[in-house]
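Per-entry structural report
Take a look at the letters that make up each chain.
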Amino acid sequence: MPDPVGKLPSELDQLPDRDAEETAEWAASLDAVTENAGPHRAAYLMRRTLQHAGSAGVPVPALLETDYVNTIPTAAEPAFDGDEAMESRITAWNRWNAAAMVTRGARYGVGGHIATFASAAWLYETGFNHFFRGKEGDGSGDQLYIQGHASPGIYARAFLDGRLTETDLDHFRQEAGGKGLPSYPHPRRLPWLWEFPTVSMGLGPLSAIYQARFNRYLTNRGIKDTSASHVWAFLGDGEMDEPESTAALALASRERLDNLTFVINCNLQRLDGPVRANFKIVQELEAQFRGAGWNVIKSLWGSAWDELFALDTTGALVRRLRQVPDAQFQTYATRDVAYIREHFFGAEPALAELAKLLTDAKIAECFFTSRGGHEARKVYAAYRAALAHEGAPTVILAQTVKGYTLGSGFESRNANHQMKKLSGEQFRTMRDLLGLPIPDAKLDDSLVPYGHPGADSPEVRYLQERRAELGGPAPARRVHAVALPDPSEKPFQAVYKGSGKQSVATTMAFVRLMKDLMRDKETGRRWVPIVPDEARTFGMEALFPSAGIYSPLGQTYDPVDRDQIMYYKEAKDGQILNEGITEAGSMADFIAAATSYATHGETMIPFYIFYSMFGWQRTGDQMWQLADQLGKGFIVGATAGRTTLTGEGLQHADGHSHLIASTNPASLNYDPAFAYEIAVIVKDGLRRMYGPDAEDVFYYLTVYNEPMPQPAMPEGVEEGILKGLYRFKEGTPAAADAPRAQLLASGTAIHWALEAQELLAADWGVTADVWSATSWGELRRDALAADEALLRGEERVPYVTRALSGAPGPVLAVSDWMRQVPDQISQWVEQDYSSLGTDGFGLSDTREAARRHFGVDARSIVVAALAQLARRGEVKPERIVEARERYGL
């Protein structure tokens with residue numbers, strides 16, 4: 001039958017109805033309930049029916065939202081495994097010291113955040129007392145992604161258990177001199193405590209997902225059993241606005257990462273105001289996570305609300321809680337009881353009647369303080385349920401009050417993110433609320449004291465006993481990994497020989513070297529190839545059948561190319577992480593693998609290869625996260641340069657990644673021209689990152705998709721390759737008094753310089769030496785170090801100055817990058833210096849046309865060199881005009 005007018009079509013209309021009469025009876029029953037008991041009763045029955053169907057195994061879609069109540073009723077909460085009163089005293093000391101530390105720091109104007117930890121204290125303390133496993137027990141412990149603004153509370157706890165002193169706390173955000181505490185979780189600044197940098201919002205949740213996945217990767221590949229490790233990510237509800245926060249939710253559920261829990265502190269506030277002023281962030285997040293396949297636990301209301309829910313026989317209270325937007329809940333926490341009676345309970349008669357049964361004290365307790373995130377039993381129940389859930393990750397949506405226990409001047413105020421100190425009166429109010437034994441005499445408006453019950457107090461003994469039972473202190477970063485043995489020389493020697501007459505792109509040369517290194521008996525299994533769905537572009541398909549593509553499910557289908565040698569092989573123990581179209585996800589993979597030496601005591605060697613345009617430009621924030629987390633490995637920008645992939649056009653033409661990379665102090669950046677240079681750099685990188693004296697650095701290499709014959713390695717060039725510059729081909733003087741020039745080139749530009757060398761000699765009688773500049777950045781870094789040494793009274797000559805010392809004629813630098821890249825070294829070059837580069841936007845055309853467009857081809861180099869010589873009076877100016885005309889410039 002046709003649909004009634006106004007009825008939208010449904011997928012059910014495509015399914016046969018085997019008993020239309022029965023269907024009509026069900027519909028009639030629902031209509032009758034709606035008419036006689038109201039739509040709310042009808043909705044309740046429908047949801048109960050769906051719930052029953054789900055528990056009975058009937059395959060019906062789940063609802064994306066539930067009521068605005070706790071997922072776990074009070075009656076279903078497990079017994080609390082601890083001393084609640086003792087834990088309350090411990091938490092009170094930590095609240096106090098966190099606020100005192102930031103307030104004392106305000107004397108120096110260093111700032112800090114008080115309100116975040118105040119709202120989230122029980123979310124952390126319950127975990128530390130009962131759940132978070134340390135690294136001194138079996139396995140790797142748990143991985144904790146601490147919300148950045150909550151760091152004062154973590155420092156306060158470390159002070160209580162003796163890991164920090166008052167002096168340490170008094171150097172919060174005062175790191176110059178080497179004894180301070182960083183503002184946020186920064187492993188590079190405090191490497192014995194912090195594991196994961198999280199304050200660049202959005203990167204914490206993304207990294208947590210890929211960390212949980214990498215834990216499974218290590219287990220499935222037989223590297224280490226991480227099944228006992230759990231990843232906890234603590235996030236703010238405002239942070240969930242960041243696209244990275246939710247970018248990988250489907251991956252986590254698809255791969256059934258039940259070793260992962262998100263704890264989202266829903267205090268309903270962003271940094272400047274309400275999170276969802278006119279809407280409800282908790283309901284929005286619940287729908288988003290449920291839709292992505294996560295297990296969702298809501299812990300919204302404290303036990304004081306139990307009485308209210310018991311009195312709600314009509315469902316009016318639950319309906320009202322769903323209606324009230326976030327901004328109004330924030331207002332309730334700051335207004336008096338009369339306001340709440342009028343604006344909340346006055347919304348409908350049934351609520352007004354319910355309110356008559358409640359005292360003002362009860363309403364105040366419920367609306368001002370009683371939140372699920374502020375009660376240890378509620379948090380404990382949520383955490384227990386999260387760990388017990390199998391087959392999917394869990395998100396806990398815990399409601400709190402931002403600035404809780406800090407007094408009316410802080411709690412739920414829009415400005416509390418910017419409020420950096422408490423007055424003496426505010427500390428007195430806080431002291432009384434927390435019940436701490438701190439005398440009034442110490443609470444004037446001068447220097448508020450830290451509080452400590454004593455190293456042998458019951459509180460400290462309890463704290464330390466709980467941590468010992470859970471495997472030691474947390475958070476904590478430990479490095480247990482030993483140096484890796486040197487790989488076989490054979491893969492490197494094969495590259496040193498060159499390719500003869502065969503044309504090989506440096507991208508392919510790098511991949512071949514990696515393939516051979518992955519076969520090494522000692523270290524081969526520790527390589528982690530990472531690629532964002534471009535493996536075939538980079539010639540990596542040969543790795544598919546031999547190394548396998550990681551999938552926790554293995555291969556559940558017959559691949560379409562199964563009859564080919566290089567077929568698409570997925571395996572549970574696969575080595576390659578082929579991530580699909582996600583550079584952010586691939587970088588998160590890289591970070592997890594690059595820091596496994598500390599997280600798990602298992603050294604891995606990741607190499608991440610990508611379209612160079614979409615590395616530093618798209619995921620530069622994660623490159624800093626990698627540096628902060630002391631990660632190691634090889635990042636490879638393939639199809640590099642602005643003129644080597646010109647058919648792809650502007651968006652794919654990278655002429656600036658080396659400039660961005662040069663800003664990162666931990667990144668060693670190389671632009672090798674030849675395959676043997678790649679081999680030398682990789683070999684030294686393995687030594688520097690994984691040898692006995694391992695450094696906390698990573699490598700960025702750019703490689704090109706332009707096939708060229710690869711020469712054999714000349715003798716004695718290794719130092720120059722690693723330092724960043726060596727003379728590759730000396731020019732043959734056409735005459736004793738021939739003008740001389742020095743051509744410095746990196747990457748694929750060396751081939752233009754070599755051609756220009758020949759043209760200069762044949763057409764203009766100019767002798768030019770060609771230098772391979774493997775790293776403009778390393779040359780600059782060395783020169784800066786020399787300048788710094790000079791300030792200390794040490795005489796050091798920069799390598800670039802020494803290398804070019806005595807080289808006759810001007811220096812002309814050329815690359816497939818912006819001129820700013822080679823210009824990094826200009827001030828340390830004693831000769832006249834100029835550069836050519838690919839400034840501006842890329843374009844689609846042939847390589848030859850693009851290089852002529854940017855003025856970096858061989859003939860443009862010739863004209864630029866002649867112009868330099870003309871300025872020095874070594875060639876006649878008219879030769880420049882003649883050269884332009886001859887070459888069509």
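You'll find the structure just up there.
A few points about the overall build of the chain
Scanning the chain from N- to C-terminus turns up 34 helices and 20 strands. Along the three orthogonal principal directions, the C-alpha set of the chain runs to about 110 × 85 × 55 Å. Within the chain, contacts between residues at least 6 apart in sequence are counted, and of these 78% link residues at least 24 apart. Element-wise, carbon and sulfur atoms account for 51% of the exposed surface of the chain, whose accessible area totals about 36,400 Å². Taking the average place of the 90 positive charges on the side chains of the chain and the average place of its 115 negative ones, the gap between the two points comes to 3 Å.

Let's talk about the pattern of salt bridges
If the charged atoms of two oppositely charged side chains come close together, the side chains can form a pair. What the rule picks out here adds up to 52 salt bridges. For R322, the salt bridge is made with D67, and the minimal N-O distance between the two is 3.4 Å. Within this pair, whereas R322 is found in helix α12 (residues 316-323), its partner D67 is found in the loop between α2 (39-55) and α3 (84-105), the two being separated by 255 residues in sequence. With a closest N to O distance of 2.4 Å, R213 and E579 form a salt bridge. In this pair, R213 is assigned in helix α7 (residues 203-220) and E579 in the loop between β10 (577-578) and α23 (583-594), connecting sequence segments 366 residues apart. Overlapping salt bridges, with partners in common, bring together R47, E65, D67 and R322 in one network.

So, the pairing of strand β13 (residues 667-670)
Both faces of β13 are covered, namely the face carrying S667 and N669 and the face carrying L668 and Y670. Relative to strand β14 (residues 698-702), β13 runs parallel, the two sharing 4 bridges. Each residue of the ladder has a partner; that of N669, found in β14, is Y700. Each parallel crossover has a hand, and for β13 linked through helix α27 (residues 675-690) to β14 it is right-handed.

Observations regarding the packing of α7 against helix α25 (residues 616-628)
Look at α7 against α25: their axes get within 12 Å of each other, and the N-to-C directions meet at 70°. As far as their axial angle goes, α25 and α7 are roughly perpendicular. Viewed along their axes, α7 and α25 form a crossing whose handedness is right-handed. Side by side, α7 and α25 meet where L203, L206 and S207 of the first sit next to D621, Q622 and Q625 of the second.

Calculation rules
- Residues numbered from 1 in each chain as written.
- Predicted model: local features only at pLDDT ≥ 70, side-chain atom pairs only at ≥ 80, totals over all residues.
- Heavy atoms only, no water.
- Helix = DSSP H or I, 4+ residues; strand = E, 2+ residues; numbered from the N terminus.
- Contact = heavy atoms within 4.5 Å.
- Areas by Shrake-Rupley, 256 points an atom, 1.4 Å probe, with all protein chains shown as cover.
- Lys, Arg positive; Asp, Glu negative; His and termini not counted.
- Charge placed at Lys NZ, Arg CZ, Asp CG, Glu CD.
- Salt bridge = Lys/Arg side-chain N within 4 Å of Asp/Glu carboxyl O.
- Buried < 20%, exposed > 50% of the residue type's maximum accessible area, 1.4 Å probe, protein only.
- Pairing = 2+ DSSP bridges.
- Right-handed = clockwise from strand over helix to strand, strands pointing away.
- Axes fitted to C-alpha atoms, helices over the stretch in contact; angles between N-to-C directions.
- Parallel < 35°, antiparallel > 145°, perpendicular 65-115°, else oblique.
- Left-handed = near helix turned anticlockwise from the far one by under 90°.

Spatial relationships are all this shows, so hold off on functional conclusions.
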